[in-house]
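For reference, the chains in residue letters:
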Amino acid sequence: MLTESRSPDGSFGTNPDPTQFAARLLLRWLEIASLRPSRSQWRRPSERWIAILIDEIGKLLGGATVQLLTQVGSRWEVISQFGGQTGSGPLAEALIPLALDSPQPISHGTTIAVSVHRGGEMLDGSYLPPTGSLGVPIAESSDVSKLHQLAPTVLMVRLPIVTDKAIPPVLIESIVSMGAVLQSLDRHQHQLGVACDAAMHLRRLLDLSIRWSQIEKTDELLEAIASSAADMLGAERASIFLWDKRRGKLIGRPALGVDGGKLEVDDNVGIVGAVLSTGQPRVWNATEDSDSEVNRSVDRRLKFHTRSLVAVPLRSPTGALIGVFEVVNKKQGLFEANDTLRLVDLARHAASAIHDTETRQRLMTVRDRLLRDAASTCQVIGDSPAIRMLRETVARVAKTDLAVLALGENGTGKEVLARSIHFQSSRRDEPFVAVNCAALVESLLESELFGHERGAFTDAIQARQGKFELANGGTLFLDEIGDMSPGGQAKLLRVLEEKIIVRVGGSTPIPVDVRIIAATNQSLNELVATKRFREDLFFRLNVVAFRLPPLRERGEDILMLANHFLAHFATQSGRVQPSFSDEARQALLRHRWPGNVRELRNVMERACYLSLTDTLTEADLGLTPWESPSAAAITTSTTASPLPTRPQYKSSASDLGDATRDFQIAHIQSAIEAKRGNMTAVAESLGLHRSNLYRKMHQLGMKVDDEDVK
């Protein structure tokens, strides 16, 4: 038993039990682990736990000199020792190679050498031939597993006995057992250390990737990446060389420590050039490699001395070579293969971050250009006092979220004004949604504005967002608000007050954030007075009101707008922009413009496409004398005579309702005669569906088949 074989001093003497030896070492290891649970104990070599176990072995063997030696480079060093002389003497140097080559321990006198690790042994139990050093060849640095090799290690024991007899086999067996315990513990400690380092490295890469993804500017991102690489590898400088293939240059952005932060070199010079040409990582240390490999001209220019560097290729997410990632001058020691692997990992994440940032910048540039182009088409053009004051007020109001009411005749540019407000506001990146309230019948208004769920009504085959949801975060333009039905006004008022909608057929409240701009050509004050428009909705919309003057009151603005439209259509048609003759300018100023800016735009479009000369005459404009806002006679430059006007109907009825009925009957009969009884054509000319036309005729008491009314 253990108590029977141990001496008074606690040692096993010369007649130990190998099983008790192994149990004692394992028990001591567990005590160490429980007392020192810090991460540093899992690292190798020269860790405290090794020294404690070596001391334990020496004591168990009655004060024997115990040494654990490992190969570092071309030398053997004692990494832990108990008693005796330090270092490896001639005897140790003679026994070590024999112990590494033999499956059995090697003894000489009272000295016993046992192999713990033969070199090249992997954590997974496989075996590679010894490399002769702990370092990994640069050419093989891409093989991660080689970094996990255990160095050749030998346990050497010099027993404290003097005897001519052979060492007892049980003692040799015990020392072999101790070597096996050390091997097992060392492998597990090393494996934990590698796993711990890998986990920390991955965690740091994750943190860096998250931080890099939040940087929007490429220059700031490159500086952050280079700084992270220098810090992670403990180096003085780092540079990201992006390849300008057309010029044959590598552009360092940034070059930390370089004035201006930018360095430019030829793409076929130095180690970075070699990495670019081969696509393989390179490590250079001044103590090992030829000095000619380094581009010393850069050192002389920058007054800097390169002692060591590691460079890896930089590839885009698609695999294309886009540059080289370089880290220079390790602060402590030299760059190793492990540094190369860490930089390779950094390069992969860096390339992805650079690609994403550049893509975002391109998209933002395109977006900004599209926004500028869209905003340029929505300018309130003019130099009259009323328009100048309007633009100044719009510029102030646009920066707020106040509701706006745009008033004015048809065609004066109320929607252009609304879009101008939108593009000058902080909501310009969000949607602008326009709704024609006059076109929304009562039955469809709620679905159109607030959306509906699937199955809410007969034709609701799928869920659909309403205009409020589509405009969320942006601007909702409600055109012809004065024509909205009373029921629609009540529902709109509720949403404007609560800023919450509920889809038709649904029950889930949906918050919405929209800016409302309403427009009408009617007098809302009169509509409120006659109870055709809700007063509370009027006050909700009439926070800021803009009245756009009719074009006939804007003087020289007519010519300015005409030239603006003419330039636009000339570009579209691919012709030189025509000019106006004096007679044409006078005709433009003299015309009353019943259709306002919309009519002027149509005249310029027609003239630009149909005129045959570069100078527009009054005849090219084809303007028709204006008599009243209801005049419909418009001719073109290719028409010899004006279109026939509608006949004027008179009724003998004194009641307004009867007179209206007589007019509708006469108007429909006139259309039927003009279309020679083609009811489909009649319905189209009147702006009605054929079934609605029959229904209207039936209501008026006109002769119509009952089948057609259904």
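Model, not experiment: these values are computed from the prediction.

Colleague: What is the right way to read the overall build of the protein chain from this model?
Modeller: Helix and strand content of the protein chain: 24 helices and 20 strands. Taken over 710 residues, the protein chain has a buried fraction of 42%. Across the protein chain, every contact between residues at least 6 apart in sequence was considered, and the portion connecting residues at least 24 apart equals 65%. Approximately 38000 Å² of the protein chain is accessible, and the part contributed by carbon and sulfur atoms is 51%.

Colleague: Even after reading the chapter, I still don't get the pattern of salt bridges, so can you show me in this structure?
Modeller: The tally for this structure, following the rule as stated, stands at 25 salt bridges. The salt bridge partner of Asp-513 is Arg-427, with a shortest N-O separation of 2.9 Å. With Asp-513 in the loop between strand 16 (510–511) and strand 17 (515–520) and Arg-427 in the loop between helix 11 (414–423) and strand 13 (432–436), the pair connects residues that are 86 residues apart, well separated along the chain. When its relative accessible area of 41% is taken as the criterion, Asp-513 is described as partly exposed. Arg-427 gets classed as buried once you look at its relative accessible area, which sits at 8%. One salt bridge in this structure joins Arg-503 and Glu-453, with 3.7 Å as the shortest N-O distance. Linking Arg-503 in the loop between strand 15 (500–501) and strand 16 with Glu-453 in the loop between helix 12 (442–450) and helix 13 (467–470), this pair joins segments that are 50 residues apart in sequence. On the basis of relative accessible area, Glu-453 is assigned to the partly exposed category, the value being 27%.

Colleague: Can you walk me through the sheet that holds strand 3 (residues 106–108) in this structure?
Modeller: What links the strands of a sheet is backbone hydrogen bonding, and the strands pair in either a parallel or an antiparallel sense. Judged by pairing direction, the sheet is antiparallel, and its five strands sit side by side in the order 2-1-5-4-3 without closing on themselves. If you trace the sheet from one side to the other, it starts and ends with strand 2 (75–82) and strand 3, each paired once. Across the sheet, the mean angle separating the axes of adjacent strands is 25 degrees when strand polarity is ignored. The sheet contact formed by strand 1 (residues 65–72) and strand 2 spans seven bridges and is antiparallel. Among the inter-strand pairings, Val-66 is bridged to a residue of strand 2, identified as Phe-82. The strands that helix 4 (residues 90–101) touches are strand 1, strand 2, strand 3, strand 4 (111–117) and strand 5 (153–158); relative to strand 4, the one it contacts most, it runs at about 50 degrees. Seen against the sheet, helix 5 (residues 169–213) touches strand 1, strand 4 and strand 5 and runs at an angle of roughly 30 degrees to strand 4.

Colleague: Would you mind going over the packing of helix 12 against helix 14 (residues 486–498) with me for this structure?
Modeller: Taken N-terminus to C-terminus, the directions of helix 12 and helix 14 make an angle of 20 degrees; their axes are 9 Å apart at the nearest point. Accordingly, the angle class assigned to the pair helix 12 and helix 14 is roughly parallel. Handedness of the crossing formed by helix 12 with helix 14: right-handed. Counting all contacts with helix 12, which are made through Glu-442, Leu-445, Glu-446 and Phe-450, the residues of helix 14 involved are Gly-487, Gly-488, Lys-491, Leu-492, Arg-494 and Val-495. Across the contact of helix 12 with helix 14, the residue classes tally to four nonpolar, two polar and four charged.

Colleague: Help me out: how do you make sense of the nonpolar core in this one?
Modeller: If you look at soluble globular proteins, the nonpolar side chains tend to sit buried side by side. Core analysis: the largest hydrophobic core is formed by 32 residues, its most contacted members being Leu-449, Phe-468, Leu-478, Ile-481 and Phe-533. Taken together, the elements giving at least two residues each to this core come down to strand 12 (404–407), strand 13, helix 12, strand 14 (475–479), helix 14, strand 17, helix 15 (524–529) and helix 16 (535–541). Broken down by element, the residue count for this core peaks at four residues, all from helix 14. Excluding its chain neighbours within four sequence positions, the residues that come into contact with Ile-481 are Cys-437, Leu-492, Ala-518, Ala-519, Thr-520, Phe-533 and Leu-541. Ala-226, Ala-230, Ile-240 and Leu-314 belong to the second-largest nonpolar core, a separate cluster that totals 30 residues.

Colleague: What exactly am I supposed to notice about the pairing of strand 12 here?
Modeller: The side chains of a regular strand alternate, residue by residue, between the two faces of the sheet. Covered by surrounding structure in strand 12 are Val-404 and Ala-406 together with Leu-405 and Leu-407, the residues of both alternating faces. As paired elements, strand 12 and strand 17 share four bridges and run parallel to each other. By the bridge assignment for strand 17, Leu-405 is matched with Ala-518. Alignment of strand 12 against strand 18 (residues 544–547), held across four bridges, turns out to be parallel. Counted as the bridge partner of Val-404 is Val-544 from strand 18.

Colleague: Before we go on, may I ask you to explain the packing of helix 6 (residues 218–232) against helix 9 (residues 337–376) in this structure?
Modeller: Helix packing geometry: the angle between the two helix axes and the distance between the axes. At their nearest, the axes of helix 6 and helix 9 sit 10 Å apart, and the two run at 170 degrees to each other. Classified by the interaxial angle, the pair formed by helix 6 and helix 9 is roughly antiparallel. The segment helix 6 lies against helix 9, with Thr-218, Leu-221, Leu-222, Ile-225, Ala-229 and Met-232 engaging Leu-343, Leu-346, Ala-350, Ala-353, Ile-354, Thr-357, Glu-358 and Gln-361. For the contact of helix 6 with helix 9, the residue count by class is 10 nonpolar, three polar and one charged.

Colleague: Is there a simple way to explain helix 14 in this structure?
Modeller: Along an α-helix, a turn takes 3.6 residues, which lines up residues three or four apart on a common side. A rise of 1.5 Å per residue sets the reference length of helix 14, with its 13 residues, at 18 Å; its end C-alpha atoms lie 19 Å apart and thus fit the reference within 8%. Residues of helix 14 that are buried: Gly-488, Gln-489, Leu-492, Leu-493, Val-495 and Leu-496. Seen along its axis, helix 14 keeps its buried residues to an arc of 165 degrees; they face one direction.

Colleague: What should I look at first to understand the sheet that holds strand 13 in this one?
Modeller: On the basis of which strands lie adjacent, the open sheet formed by five strands has the order 13-14-17-12-18 and parallel pairing. Edge positions in the sheet fall to strand 13 and strand 18, since each of these pairs with one other strand and no more. Within the sheet, the average angular offset between the axes of one strand and its neighbour, ignoring direction, is 20 degrees.

What counts, and at which threshold
Residues numbered from 1 in each chain as written. Predicted model: local features only at pLDDT ≥ 70, side-chain atom pairs only at ≥ 80, totals over all residues. Heavy atoms only, no water. Helix = DSSP H or I, 4+ residues; strand = E, 2+ residues; numbered from the N terminus. Buried < 20%, exposed > 50% of the residue type's maximum accessible area, 1.4 Å probe, protein only. Contact = heavy atoms within 4.5 Å. Areas by Shrake-Rupley, 256 points an atom, 1.4 Å probe, with all protein chains shown as cover. Salt bridge = Lys/Arg side-chain N within 4 Å of Asp/Glu carboxyl O. Pairing = 2+ DSSP bridges. Axes fitted to C-alpha atoms, helices over the stretch in contact; angles between N-to-C directions. Parallel < 35°, antiparallel > 145°, perpendicular 65-115°, else oblique. Left-handed = near helix turned anticlockwise from the far one by under 90°. Nonpolar A, V, L, I, M, F, W, Y, C, P; charged D, E, K, R; others polar. Core = buried A, V, L, I, M, F, W, Y, C linked by side-chain atoms within 4.5 Å. Expected span 1.5 Å × (residues − 1). Arc of directions from axis to C-beta.

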